[in-house]
Amino acid sequence: MRYVSTRGAAPVLDFRGATLAGLASDGGLYVPETWPTLSTDEIAALAGLSYADTAVRIMLPFVGDCLTEDELRGLCHAAYGRFSHVAVTPLVQLDHDQWLLELFHGPTLAFKDVALQLLGLLFERFLTGTDKRLTIIGATSGDTGSAAIDAVAGREGVDIFMLHPVGRVSEVQRRQMTTVLAPNVHNIAIEGDFDTAQALVKTMFATPALADTFALSAVNSINWARLMAQVVYYFYAAVRLGGPGKPVAFSVPTGNFGDVFAGYVASRMGLPIAKLVVATNVNDILHRALTNGDYSRGLVEQTATPSMDIQVSSNFERLLFDLGGRDGKAQAAQMAGFDADGAMRLTNAQQQGAAGLFGSERVDGDDMAMAMRWAHEKAGEIVDPHTAIGLAAARRQSLPDVPIVTLATAHPAKFVDAVERATGARPTLPARVGDLFEREERYVTLPATLAAVGDYVAAHARPSR
Ligand SMILES: Cc1ncc(COP(=O)(O)O)c(C=O)c1O
Ligand SMILES: N[C@@H](CCOP(=O)(O)O)C(=O)O
């Protein structure tokens, strides 16, 4: 399998190359040159497989000859062996057609673990036998940071620099990052929002003083391997609800458009998906783009769903590229327009292509709290605020006889105050998180400038040998 950049000017890479590079050198994102497909019989044959074995079947075509099937199986079993639920991503029924897909049974209690536990192992596997040292730079609105740090803390050959917006993540989220004191982990609180942090990361990739000295890599969903691993749970859930014979819909709480893009990939691979609902909070750039083609950023508003307080959704570029005829030059021009103006219009092809599969909903704080109460009172489930955005959007759909699965993206105890405000219940952190509130924290706070953050990275990273 070969990987091409959405902006058409970066080298074409294999899976190993795309995983280690993270972001393409032309500023674009790597996508597979073609979508592999599974026949109806191949999808039906996934029924009854364990999560790890399902992952092997789905991911093998993307990995190409960079890993043998046995190597991939070993990595998947190691990654998913760290989850606390035997099903890894269990389904929970809420009422006749409403389901939750619980994605938070990994070490850091959010869906990010599903991909990052594997990505940590992939980095290690691809670095073994080389003298390459990776410098990972990432941005987080709360959950990617802890999942990535857990996946690479203490690993040989990797340093990680994780930027989070100061004061805009929950205390549990912050502590899950800043109490990891391994010498290869560097937490940086920046004075800005998540979009600023993400833009800084992309700028650092394009800064020769950093990119030429260090082997930079990414753990955000700009790294294709992240999304590849997230495609698996769409198949895993759908076959348990009657797929491929019966179509299933998904409602996905969305910020950076990674999780829902993985659902799009599952559909391109042949999984019958009736609808993919893009559920946003009041930071609704994606809802506006999908309803009337207006992709224009506003100010980021702070909400009770901090992980989705995003106005520039990196992975939307992947969708626009695919729907727009995979024309790298045109995509680069469209993104340059957005960078210059903070706004762009989707083309007719992009709008019409998206309309066939995607729906979208904007969910405000009141509707989010109402969905939490509904889940608690009617179904006895406590859901986190991000999941509640997805659930509120799912409950607005009218899809007779189609099961609709809301992706439950985080454990409710990560956002305990918001949960208590809405439901009166105060979920407790699972014991595996340990003495999070007793541990020492370590991080620096820096202005959100390339000079400050770039200098810090240059001073603390170890050059690639
Ligand atoms: C708990 C939670 N839900 C939803 C999202 C949104 O996912 P994505 O950025 O892949 O759209 C995030 C952050 O990414 C998150 O941490
Ligand atoms: N909500 C995310 C934002 C980054 O998203 P990613 O999926 O691109 O890593 C977070 O928790 O950090």
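About the cut-offs
- Residues numbered from 1 in each chain as written.
- Chains lettered and ligands numbered in written order.
- Predicted model: local features only at pLDDT ≥ 70, side-chain atom pairs only at ≥ 80, totals over all residues.
- Heavy atoms only, no water.
- UniProt positions renumbered as here; feature names shortened; annotations may be inferred.
- Near = heavy atom within 4 Å.
- Polar contact = N/O pair within 3.5 Å; in protein donor to acceptor, adjacent residues only side chain to side chain.
- Areas by Shrake-Rupley, 256 points an atom, 1.4 Å probe, with all protein chains shown as cover.
- 1 Å grid on protein atoms, 1.4 Å probe; cavity = no way out; pocket = protein on both sides within 12 Å on 5 of 7 lines; lining within 4 Å.
- Sits in = over half its atoms within 2 Å of the grid points.
- Nonpolar A, V, L, I, M, F, W, Y, C, P; charged D, E, K, R; others polar.
- Pairing = 2+ DSSP bridges.
- Helix = DSSP H or I, 4+ residues; strand = E, 2+ residues; numbered from the N terminus.
- Axes fitted to C-alpha atoms, helices over the stretch in contact; angles between N-to-C directions.
- Parallel < 35°, antiparallel > 145°, perpendicular 65-115°, else oblique.
- Left-handed = near helix turned anticlockwise from the far one by under 90°.
- Contact = heavy atoms within 4.5 Å.
- Points joined across faces, edges and corners; volume = space filled by probe spheres on them.

The protein is annotated in an unreviewed UniProt entry as Threonine synthase of Sphingomonas cynarae. Turning to the protein, the UniProt record has this under Cofactor (unreviewed entry): "pyridoxal 5'-phosphate". What UniProt states about the protein under its Sequence similarities (unreviewed entry) heading is, verbatim, "Belongs to the threonine synthase family."

Taken together, 13 residues lie near ligand 2, and Thr140, Asp143, Thr144, Asn220 and Ser221 sit nearest. Taking Ser221, its side chain carries an N or O atom lying 2.5 Å from an oxygen atom of ligand 2. The contact in question runs from an oxygen atom of ligand 2 to an N or O atom on the side chain of Asn256, over 2.7 Å. For ligand 2, the protein covers 96% of the area, taking 340 Å² as the surface of the free molecule. Among the detected pockets, ligand 2 sits in the largest cavity. Residues belonging to the shell around ligand 2 are distributed by class as follows: 2 nonpolar, 8 polar and 3 charged.

Here 5 strands make up an open sheet; going across it, the order is β8-β5-β6-β7-β15 and the pairing parallel. Strands at the two margins of the open sheet, each flanked by one partner only, are β8 (215-217) and β15 (444-447). Each neighbouring strand pair of the sheet contributes to a mean axis angle of 30°, computed without reference to strand direction. Strand direction decides the pairing type here: strand β5 (residues 134-139) and β8, joined by 3 bridges, are parallel. Bridging across to β8, Leu134 finds its partner in Ala215.

What follows is about the packing of helix α4 (residues 69-80) against helix α5 (residues 112-127). Following both chains from N to C, one finds α4 and α5 inclined at 135°, their axes separated by 9 Å at the closest point. The angle between the axes of α4 and α5 places the two elements in the oblique class. In terms of crossing hand, the pair formed by α4 and α5 is right-handed. On the side of α4, the interface is formed by Glu71, Leu75, Cys76, Ala78, Ala79 and Tyr80, while α5 contributes Val114, Gln117, Leu118, Leu121, Leu122 and Arg125. Its residues assigned to classes, the contact of α4 with α5 shows 9 nonpolar, 1 polar and 2 charged.

In this structure, the largest pocket encloses a volume near 830 Å³. Residue lining of the largest pocket: 38 residues in total, with Leu23, Gly27, Lys202, Thr203 and Phe205 positioned closest to the centre. Of all the secondary structure elements, the ones that give two or more residues to the lining of the largest pocket are α1 (15-21), α8 (194-205), β8, α13 (316-323) and α14 (328-341). Its boundaries defined by the atoms lining it, the second largest pocket holds a volume of some 360 Å³. What lines the second largest pocket is a set of 23 residues, and nearest its centre among them are Ser170, Glu171, Lys414, Phe415 and Asp417. With 4 residues, the top contributor of residues to the lining of the second largest pocket is helix α18 (residues 416-423). A per-class count over the lining of the second largest pocket returns 11 nonpolar, 5 polar and 7 charged.

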